[in-house]
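# Survey of secondary and tertiary structure
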Amino acid sequence: MGSSLLLPPALRAMFLAFVFAMWILPELAVAKHAGITRHYTFNIKMQNVTRLCQTKSIVTVNGQFPGPQITAREGDRLLIKVVNNVKYNITLHWHGVRQLRSGWADGPAYITQCPIQTGQSYVYNFTVTGQRGTLFWHAHISWLRVTLYGPIVILPKRHASYPFPQPFKEVPIIFGEWWKTDTETMINQALQTGGAPNVSDAFTINGLPGPSYNCSAKDTFKLKVKPGKTYLLRMINAALNDELFFSIANHTLTVVETDAVYIKPIKTKVVRITPGQTANVLLKAKSKAPNATFVIAARPYATGPGAFDNTTTTGILDYEQPSSVTKSKNKKALPLLKPAFPKFNDTNFAMKFSQKIRSLATAKFPAKVPKKVDRRFFFTVGLGLSPCQANQTCQGPNNTKLAASVNNVSFVQPNTALLQAHFFNKSKGVYTSDFPANPPFKFNYTGTPLSNIMVSSGTKILVLPFNTSVELVMQDTSIIGAESHPLHLHGFNFFVVGQGFGNFDPNKDPAKFNLVDPAERNTVGVPSGGWVAIRFFADNPGVWFMHCHLEVHTSWGLKMAWLVNDGKGPKQKLPFPPSDLPKC
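What comes next concerns the included structure.

Parameters at a glance
- Residues numbered from 1 in each chain as written.
- Predicted model: local features only at pLDDT ≥ 70, side-chain atom pairs only at ≥ 80, totals over all residues.
- Heavy atoms only, no water.
- Helix = DSSP H or I, 4+ residues; strand = E, 2+ residues; numbered from the N terminus.
- Buried < 20%, exposed > 50% of the residue type's maximum accessible area, 1.4 Å probe, protein only.
- Pairing = 2+ DSSP bridges.
- Core = buried A, V, L, I, M, F, W, Y, C linked by side-chain atoms within 4.5 Å.
- Contact = heavy atoms within 4.5 Å.
- Disulfide = S-S within 2.5 Å.
- Axes fitted to C-alpha atoms, helices over the stretch in contact; angles between N-to-C directions.
- Phe/Tyr/Trp six-rings, centres within 6.5 Å; stacked < 30°, edge-to-face > 60°.
- Lys NZ or Arg CZ within 6 Å of the ring centre and 35° of its normal.
- Salt bridge = Lys/Arg side-chain N within 4 Å of Asp/Glu carboxyl O.
- Arc of directions from axis to C-beta.
- Polar contact = N/O pair within 3.5 Å; in protein donor to acceptor, adjacent residues only side chain to side chain.

## Brief notes about the side chain of Asn 237
- Within the element layout of this structure, Asn 237 appears in strand β12 (residues 230–237).
- Relative accessible area serves as the criterion here: at 0%, Asn 237 is assigned to the buried category.

## Brief notes about the pairing of strand β27 (residues 485–489)
- Of all 5 residues in β27, 5 are buried; the element is thus mostly enclosed.
- On β27, burial covers both faces: His 485, Leu 487 and Leu 489 on one face and Pro 486 and His 488 on the other are all buried.
- Both β27 and strand β30 (residues 523–526) contribute to a ladder of 4 bridges, which runs antiparallel. Within β30, the residue paired with His 488 across the bridge is Thr 523.

## Topic: the nonpolar core
- Membership of the largest hydrophobic core comes to 89 residues, with the highest contact counts inside it found for Leu 233, Phe 246, Phe 379, Met 474 and Trp 562.
- Among the elements that take part in this core, strand β9 (residues 169–178) stands out by supplying 5 residues, more than any other.
- When sequence neighbours within four positions are dropped, the list of residues in contact with Trp 562 reads Phe 377, Phe 379, Leu 462, Leu 464, Val 470, Leu 472, Leu 489, Gly 542, Val 543, Trp 544 and Met 546.
- Grouped together as the second largest cluster of nonpolar side chains are 47 residues, Val 61, Ile 70, Leu 135 and Val 430 included.

## What about unusual backbone geometry?
- The omega torsion across Phe 65 and Pro 66 is -15 degrees, close enough to zero to call that bond cis.
- Its place among the elements puts Pro 66 in the loop between β2 (54–61) and β3 (70–73).
- If you check the backbone angles, Gln 99 has positive phi at about 55 degrees while not being a glycine.
- Of note, Gln 99 is situated in the loop between β5 (92–95) and β6 (121–127).
- Residue Gln 99 is classed as buried on the basis of its relative accessible area of 1%.

## Brief notes about the state of the cysteines
- Under the definition given, this model contains 3 disulfides.
- Between the sulfur of Cys 53 and that of Cys 215 lies a disulfide, 1.7 Å long from S to S. Of this pair, Cys 53 sits in the loop between β1 (37–51) and β2 while Cys 215 sits in the loop between β10 (202–205) and β11 (222–225), and the two are 162 residues apart along the sequence.
- A relative accessible area of 55% means that Cys 53 is categorised as exposed.

## Some thoughts on the sheet that holds strand β25 (residues 461–464)
- The 5 strands are arranged β25-β33-β32-β27-β30 in an open sheet whose pairing can be described as mixed. Edge strands, defined here as strands with exactly one partner in the open sheet, are β25 and β30. Averaged over all neighbouring strand pairs, the angle between strand axes comes to 20 degrees, with direction disregarded.

## Observations regarding the packing of aromatic side chains
- For the structure on display, the rule yields 38 aromatic pairs.
- When the centroid spacing of 5.9 Å and the interplanar angle of 70 degrees are considered together, the rings of Phe 65 and Tyr 149 count as edge-to-face. Taken together, the residues span a long stretch of sequence, with Phe 65 in the loop between β2 and β3 and Tyr 149 in strand β8 (residues 149–155) at a distance of 84 residues. For the pair formed by Phe 65 and Tyr 149, the shared burial category is buried.
- Following the ring pairs from residue to residue traces out a cluster consisting of Tyr 40, Phe 42, Trp 94, Tyr 122, Tyr 124, Phe 126 and Trp 137.
- In this structure, Lys 56 packs its charged tip against the face of Trp 178, placed 5.1 Å from the ring centre.

## Regarding the pattern of salt bridges
- All chains considered together, the criterion is met by 16 salt bridges.
- A salt bridge links Asp 539 to Arg 98, with the shortest nitrogen-to-oxygen separation between them at 2.9 Å. Within this pair, whereas Asp 539 is found in the loop between β31 (530–538) and β32 (542–548), its partner Arg 98 is found in the loop between β5 and β6, the two being separated by 441 residues in sequence.
- For Asp 539, a relative accessible area of 29% corresponds to the partly exposed category.

## A few points about helix α4 (residues 347–356)
- Among all positions in α4, only Thr 347, Ala 350, Met 351, Phe 353 and Ser 354 are buried. Along the long axis of α4, the arc covered by the buried residues comes to 160 degrees, so they all point the same way.
- Check the buried side of α4 and you find it contacts β14 (253–258), β15 (261–268), β16 (270–273), β18 (293–301) and β28 (494–501).

## Details of the environment of Val 97
- Along the polypeptide, Val 97 turns up in the loop between β5 and β6.
- Accessibility expressed as a relative area gives 3% for Val 97, which makes it buried.
- For the pair Val 97 and Trp 143, spaced 46 residues apart in sequence, the C-alpha to C-alpha distance is 21 Å.
- With sequence-adjacent residues up to four places away left out, Val 97 is seen in contact with Phe 126, Gln 131, Leu 135 and Ile 152.

## Let's talk about the sheet that holds β3
- Strand order in the open sheet formed by 4 strands is β3-β8-β7-β5, with mixed pairing between adjacent strands. The sheet is open, and its two borders are formed by β3 and β5, each paired with just one other strand. Across the sheet, the mean angle separating the axes of adjacent strands is 20 degrees when strand polarity is ignored.

## A closer look at the environment of Leu 574
- Its location among the elements puts Leu 574 in the segment after β33 (559–564).
- In this structure, the C-alpha to C-alpha distance between Leu 574 and Gln 113, residues 461 residues apart in sequence, is 14 Å.

## Remarks on the environment of Gln 475
- As for its position among the elements, Gln 475 is in strand β26 (residues 468–476).
- Between the alpha carbons of Gln 475 and Arg 38 there is a distance of 41 Å; along the sequence they are 437 residues apart.
- With residues near it in sequence (within four places) discarded, Gln 475 still touches Phe 378, Phe 379, Thr 380, Val 381, Tyr 445, Thr 446, Gly 502, Asn 503, Phe 504, Val 526, Gly 530 and Trp 531.
- Side-chain polar atoms of Gln 475 contact the backbone nitrogen of Phe 504, separated by 2.9 Å.

## Describing helix α2 (residues 183–193)
- Taken together, the buried positions of α2 are Thr 183, Glu 184, Met 186, Ile 187 and Ala 190. One face of α2 carries all of its buried residues, which in axial projection span an arc of 165 degrees.
- Looking at the packing, one finds that the buried side of α2 touches α6 (551–556).
- Directly after α2, the chain includes Gly 194, whose backbone phi takes a positive value near 80 degrees.

## Looking at the side chain of His 140
- Checked against the element boundaries, His 140 lands in the loop between β7 (133–139) and β8.
- His 140 gets classed as buried once you look at its relative accessible area, which sits at 11%.
- A distance of 3.3 Å separates a polar atom in the side chain of His 140 from a polar atom in the side chain of His 490.
- Side chain to side chain, His 140 and His 547 meet in a polar contact 3.3 Å long.
- Contacts of His 140, omitting those with residues within four sequence positions, involve Thr 91, His 93, Gly 107, Pro 108, Ala 109, His 490, Phe 545 and His 547.

As C-alpha cells, then:
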C-alpha cells in the first residue's frame, strides 16, 4: 500500500477505487439478499367506532380498525415503534414470527416483557428469517386483542415465486368478534366472580359484521372479482373465543398455505380455522360473470359445554359484469346464493380437515421433522375448578371459580417478565422450574370425569437444553366437558405428526405418526375428546409462552412456558435486552 503513494495522482485514484471496489462488492452482494430494514410507528389511541347501531370507544393502532398491515419480505428487519397513548398497559405480539434470538420482541405481557405503560414507548426489533406467507399481529395483554390486531404479509425474497399460480390480486380476510359491552370491564368482573364472561354479539370480516346483524347492511365486506381471475385470500382468525368455518357460496377454495408454511394444495368448499391460525386460499373466479351474487360467510365451530356466539357474519362476492349488462336500464337485483356449512359441532369434519394438511416436503421447501426424540412430554389440557377466596361468593359450581390448566397446573401470571428474571438470574420468587412432564396421575381422560376436578396453580416453567428435539402429546380431557383447544406455541414452528380421538395410546399410536410430510404450524387444535402429537427442535434460546388461543381459557390459566437455555456458540445465545425494554 505504501508504494501506491509513489504513483501519479490519477493512477493513485484508480488504484484506491479498485481496492475499495474489491472491499465493498462482496458486502453489496450479501446486502442484496439480506433484506432491508422497514420502519413502522404504531400509535395506540382510542377511537370511536360504530357497529350494530351503537358507538363505542375502542383501542386502536393509528385510529384504524382492524389495524394497519405490516408488509415485509423474507429476510427483512422490522423496527416497529409502539407508543402507548391509552389508559391500559399494552404489549403487541407478532404471531407466528419465529423471533430467532429476538425473544425481547415477542410481546406476551409478563412472559418476555413488562407492558408498555401509558405515555411510554417501545421499539420491537426483529428479523423475519426463513418464513413467507400470512401471519398477524395482536395485543397480548388481557383481552385488548379484541380490537388491536392486523395482518402481517411476508412476501418471498425478490425474484422468488409462489409454488402455486400467481394470483391476479391478494385480499386480506380477517375474522374478528365484536362486543357491545366493554370487554375489559367484562373479563375483570368474570375473573373476580369465577363465572363465564358474556359471548360476543357479532363476528366480523375485516371489522364489518354484515347484513345478517341488526342495522349492519352498510357495514358489509364486499369483494369484487373479474371473471376467470385467481384471487389469493389471506385469511386470519383474530377472533377471541371462536373457531370458525368459512365458505363462499357455489365456489371451491384451494388452501395453499397454513401458518405461513406452503402446503400440498387442498380443494374444499369449507375451511376450518381456529383463533391464532392463518391460511392462504386461492379463489378461482368463474370464467363468465354469472347472473347471481354470492354470500361469503363464517360461522362458529363450537364443541364445549358453554354458551357461544351462534351467529354468522356475511360478506358479498360480486362479479364485474360486461358493460352491456351494466348499461341495461332494466337491471334486476341478482339472486343471492348462500353457502352450506357443517353442523356447528361437526368434530369429524374438523378432524378430517386438519388431517388433510400436509407440508410440501420438497427439496426447496423441506419438512425438517425431528426423527430422533430427546425428550417426550404428555400434557393434559382442559377445564377444572379453583377455590373461591374466603368471604367471597363465586359463580362456579358449589361456590367455586371456573379454571383451566395444563397437567392440572393453572398458570399464575407473575409481576415481572419471566425472560428478564431468567436472563438476570433473578428467578427466585418469580417462577419455579418444576412444570410436570406428565399429568399428576393417570385417569380415563376422555371418559367419565373425576370426582375431584380442582386444579393446582403456580408459575411453573419447563427448562430445555439448547437444540433438544421434543415430542409433545396434548390430550383433551372431558372434565366439565370435552372441547377443542387451539394451542399456540411462541418462538417455534412445530410438526403435527399425529392426532386422534379418545385417549392417546403410547404403545400403538406412535407407529402411525407421519414423519414424512406432516403439517408445520404455530397453532394447532387439540381435538375435542382427542389428542394431538407435535415435534419441534428447541433451537431458539429464551422463554416461550404456550397457551390456548381461546382467550377465555388463557384468562382461566390454560397456559405455560418453556425456557430454552443458551447454546455454546455465539449465535446460540440470547443477546442483552434493548435499552428501552419496558419496566414493571
